[in-house]
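So you can see what is in the structure, the chains are spelled out below.
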Amino acid sequence: MSLRCYTLHMSFSVTRPTGNKSEQYAQLLEQARALLHGEHDRIANAANFAALVWYALPDINWCGFYFFDGRELVVGPFQGKPACVRIALGRGVCGTAAATGQVQCVADVHAFAGHIACDADSRSEIVVPLVHDGALLGVWDVDSPLPNRFDETDVAGMQALCAVFLGSLSSTTQTEAAA
Ligand code: SME
């Protein structure tokens, strides 16, 4: 499938990444850069980002954002089954990532004390904390129905993808500033 969308500024084509996992993340990173380029709206970019990753990555059953509202995490744009709406800081895998600022890569969610089971199919999970302008913005969360789905390559790949998302939120990106 090829999804093309047109705005005043660009045309964009989504293709499934190929090659080994590192090569797939490299291609996905380029697609994310192209998809978010020139747009700074957080909800629009979060929605397109989640849709892109959902389309590109195999063996996932949920991916999306929880945004920090100043008190707790609130679900944002995502793909997958309807999810828990609010998560307190420090609770579950998402709240732990948000509270510690550390990526949580959980091989077996059943072994993670306090894991919040939004989708009973989830067996492993990766959560990346999102910090923008020095403040907690929220987390990026991906679930898999397979145990041990995520490894160090996924951690690095997801962090790089999240950096592209966070960079898109600034009104002047480095690319635009250099132009
Ligand atoms: N499992 C998460 C909750 C969010 S869902 O996976 C969409 C957690 O333990 O924080």
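Above this text you will find the structure in question.
Residues numbered from 1 in each chain as written. Predicted model: local features only at pLDDT ≥ 70, side-chain atom pairs only at ≥ 80, totals over all residues. Heavy atoms only, no water.

### Some points on the site of the ligand
Let me state the cut-off plainly: When at least one non-hydrogen atom of a residue lies within 4 Å of a molecule or strand, that residue is treated as near it. Here a polar contact is recorded for every N or O atom pair within 3.5 Å, except that within protein the pair must consist of a potential hydrogen donor and a potential acceptor, and residues adjacent in sequence are included only if both atoms are side-chain atoms. For each structure, a 1 Å grid was placed over the protein atoms alone; sets of points admitting a 1.4 Å probe that cannot get out are labelled cavities, open sets with protein on both sides within 12 Å along at least five of seven lines are labelled pockets, and lining residues have an atom within 4 Å of a point. Being in a pocket or cavity means that more than half of the molecule's atoms lie within 2 Å of its grid points. By the criteria applied, helices consist of DSSP H or I runs no shorter than four residues and strands consist of E runs no shorter than two, each listed in order from the N terminus. Residues were grouped as follows: Ala, Val, Leu, Ile, Met, Phe, Trp, Tyr, Cys and Pro as nonpolar; Asp, Glu, Lys and Arg as charged; and all remaining residues, including Gly, as polar.
The ligand sits among 13 residues. The nearest are V93, C94, I116, E125 and D143. A distance of 2.9 Å separates an oxygen atom of the ligand from a polar atom in the backbone of V93. A distance of 2.8 Å separates an oxygen atom of the ligand from a polar backbone atom of C94. When atoms are counted within 2 Å of each cavity's grid points, the one that captures over half of the ligand is the largest cavity. Only β3 (62-68), α3 (92-100) and β8 (135-144) provide two or more residues apiece to the shell around the ligand. Sort the elements by how many residues they give to the shell around the ligand and α3 lands first, with three residues. Here the residues of the shell around the ligand are counted per class, giving eight nonpolar, two polar and three charged.

### What to know about the state of the cysteines
Covalent bonding between the sulfur atoms of two cysteines defines a disulfide. To keep it simple, the criterion reads: By disulfide we mean two sulfur atoms from cysteines, separated by a distance within 2.5 Å.
All chains considered together, the criterion is met by one disulfide. Bridging C84 to C118, the disulfide has an S-S length of 1.9 Å. Because the torsion about its S-S bond is -125°, the bridge between C84 and C118 counts as left-handed. Placement of C84 in the loop between β4 (73-80) and β5 (86-87) and of C118 in the loop between β6 (104-106) and β7 (124-132) is noted, with a sequence separation of 34 residues between them.

### A word on α3
Operational definition: Under the scheme applied here, a residue whose accessible area is under 20% of the maximum for its type counts as buried, over 50% as exposed, and between as partly exposed, the area being computed with a 1.4 Å probe on protein chains only. What makes two residues a contact is simply this: any of their non-hydrogen atoms within 4.5 Å.
In terms of burial, α3 is largely enclosed, as seven of its nine residues are buried. Close packing links the buried residues of α3 with β3, β4, β5, β6, β7 and β8. Count one or two residues on from α3 and you reach G101, which has phi positive near 75°.

### Some words on the pattern of salt bridges
The condition is simple: Salt bridges are defined as contacts in which a side-chain nitrogen from Lys or Arg sits within 4 Å of a carboxyl oxygen from Asp or Glu.
Tallying each qualifying case throughout the model produces nine salt bridges. For K21, the salt bridge identified is with D151, shortest N-O distance 3.3 Å. Linking K21 in helix α1 (residues 21-36) with D151 in the loop between β8 and α4 (152-168), this pair joins segments that are 130 residues apart in sequence. Taking relative accessible area as the criterion, K21 reaches 28% and is therefore assigned partly exposed. Judged by relative accessible area, D151 falls into the partly exposed class, the value being 34%. We note a salt bridge from E72 to R86, for which the minimum N-O separation is 3.0 Å. Taken together, the residues span a long stretch of sequence, with E72 in the loop between β3 and β4 and R86 in strand β5 at a distance of 14 residues. A network of salt bridges, in which partner residues are shared, links K21, R149, D151 and D154.

### Here we look at the packing of α1 against α4
Note the following rule: Axis lines are fitted through C-alpha atoms, for helices just across the contact stretch, and the angle between N-to-C directions can take any value from 0 to 180 degrees. Any angle that is under 35 degrees is reported as roughly parallel, and any over 145 degrees as roughly antiparallel; angles of 65 to 115 degrees are reported as roughly perpendicular and all others as oblique.
In contact at an axis separation of 10 Å, α1 and α4 are set at 10° when each is read in the N-to-C sense. Taken together, the axis directions place α1 and α4 in an arrangement best described as roughly parallel. For the pair α1 and α4, the contacting residues are K21, S22, Y25, L28, L29, A32, R33 and L36 in the first and T153, D154, G157, M158, A160, L161, V164, F165 and S168 in the second. Residue composition of the contact of α1 with α4, by class: 10 nonpolar, four polar and three charged.

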